[in-house]
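Coordinate inspection notes
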Amino acid sequence: MQGYNLIYICDYAAMYSGNFIPSLSALAAKAAEHNNVYFLFPEQAKGIHWLKNLNMDPDHILFCDFYPVNIY
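First, a word on scope: everything that follows refers to the structure included in this document. Everything quoted here is computed from the prediction, not taken from an experiment.

Next up on the list: the packing of aromatic side chains. Overall, the coordinates contain 5 aromatic pairs when judged by the stated rule. Each ring, one from tyrosine 12 and one from phenylalanine 20, has its centre 5.0 Å from the other, and the planes form 50 degrees; the classification is tilted. Considering the side-chain rings of phenylalanine 39 and phenylalanine 41, the 6.0 Å spacing of their centres and the 20 degrees angle between planes classify their relative orientation as stacked. Here phenylalanine 39 and phenylalanine 41 have matching classes, each one buried. An aromatic cluster of three or more residues is present, and its members are Tyr8, Tyr12, Phe20, Phe39, Phe41 and Trp50.

In structure tokens:
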């Protein structure tokens, strides 16, 4: 089966992971079985401790300013 490139665009930069990050991590782990999974977070999320909970290659976690032209 040929996989897809999936990107999760997450406008989330809170200091706590809440339920969102564990849920997203579980979803991404299942999707990563047959696909390339990437995350896009706002610049403000760089260095937040819960990023390591995503269990993804750091090259697959991207950051940008969340203005429409930058996301494009």
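The next subject is the nonpolar core. Counting residues in each nonpolar core, the largest one holds 18 residues, and the members touching the most others are Tyr8, Val37, Phe39, Phe41, Trp50, Leu54 and Ile61. Sorting the residues of this core by element identifies α1 (20-31) and β2 (36-42) as the ones contributing at least two each. Sorting elements by how many residues they give to this core places α1 first, with 4 residues. In this structure, phenylalanine 41 is in contact with Cys10, Tyr12, Ile21, Leu24, Trp50, Leu51, Leu54, Ile61, Leu62, Phe63, Cys64 and Phe66, ignoring residues within four places of it in sequence.

Cut-offs applied
- Residues numbered from 1 in each chain as written.
- Predicted model: local features only at pLDDT ≥ 70, side-chain atom pairs only at ≥ 80, totals over all residues.
- Heavy atoms only, no water.
- Phe/Tyr/Trp six-rings, centres within 6.5 Å; stacked < 30°, edge-to-face > 60°.
- Buried < 20%, exposed > 50% of the residue type's maximum accessible area, 1.4 Å probe, protein only.
- Core = buried A, V, L, I, M, F, W, Y, C linked by side-chain atoms within 4.5 Å.
- Helix = DSSP H or I, 4+ residues; strand = E, 2+ residues; numbered from the N terminus.
- Contact = heavy atoms within 4.5 Å.

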